[in-house]
Amino acid sequence: MSSLKYLSSYAPNLQQQIAQLMLQDRLTDYLLQKYPTVSNIPNDNTLRDFVMDLKNQYLKKSQPLSKIVFDKKIHVVNNALGLHSFVTRVQGGKLKSKNEIRISTLFKNAPVEFLTMIVVHELAHLKEKDHNKAFYQLCRHMMPDYHQIEFDVRVYLTHLEDKGEVYTRQSVVNKA
């Protein structure tokens, strides 16, 4: 059984509950019961539409996004599931800046709630650069159950490390 490194900042009783589910080999069922279907966002174009819908709903007046892509180089090894980058360049005599959002390809085959949580997190960085109180308030404004979904994403990552993929075509078909 793997460690609970993705859950290390949570209360011991929550860690114990997840460890117990792992011991009983019920973590897959926990995730599939709570999140039975995967997102239908298979490529960068669909991801861009998805992100822009959220941005236009909650952050209309924020800076524009120049690039929104799934990135296979982003992995939990880097402690990142998504990245927001702000690039500034001098071009000619003008200062040009670009905002980019990159989401780990891990979320192509995951519940839409997980993908939404990652997108909300990265969009919040358009207004708040640091993970402070205002940042998390903005996340909760865009997604009221943000903290619960973040916890469940961490449970999902724990499962991936311990048992592998949860959302295979077979597991989703069997639960339907």
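Use the structure listed above.
Residues numbered from 1 in each chain as written. Predicted model: local features only at pLDDT ≥ 70, side-chain atom pairs only at ≥ 80, totals over all residues. Heavy atoms only, no water.

Q: Describe helix α2 (residues 27-34), naming the residues involved and giving the relevant values.
A: Within α2, burial applies to Leu27, Leu31 and Leu32. For α2, the arc enclosing every buried residue in end-on projection is 125 degrees, short of the 170-degree limit, so these residues lie on one face. (Buried < 20%, exposed > 50% of the residue type's maximum accessible area, 1.4 Å probe, protein only. Helix = DSSP H or I, 4+ residues; strand = E, 2+ residues; numbered from the N terminus. Arc of directions from axis to C-beta.)

Q: Give a description of the packing of aromatic side chains that names residues and reports values.
A: Within this structure, the stated rule accounts for six aromatic pairs. Arranged with centres 5.0 Å apart and planes meeting at 90 degrees, the rings of Phe135 and Tyr136 form a pair that is edge-to-face. A relative accessible area of 22% places Tyr136 in the partly exposed class. (Phe/Tyr/Trp six-rings, centres within 6.5 Å; stacked < 30°, edge-to-face > 60°.)

Q: Any details on the environment of Lys34? Residues and values, ideally.
A: Turning to its location among the elements, Lys34 is positioned in helix α2. C-alpha separation for the pair Lys34 and Pro111, spaced 77 residues apart in sequence, amounts to 9.7 Å. Setting aside residues no more than four positions away along its own chain, Lys34 makes contact with Gln148 and Asp152. At 2.9 Å, the side chain of Lys34 and the side chain of Asp152 are in polar contact. (Contact = heavy atoms within 4.5 Å. Polar contact = N/O pair within 3.5 Å; in protein donor to acceptor, adjacent residues only side chain to side chain.)

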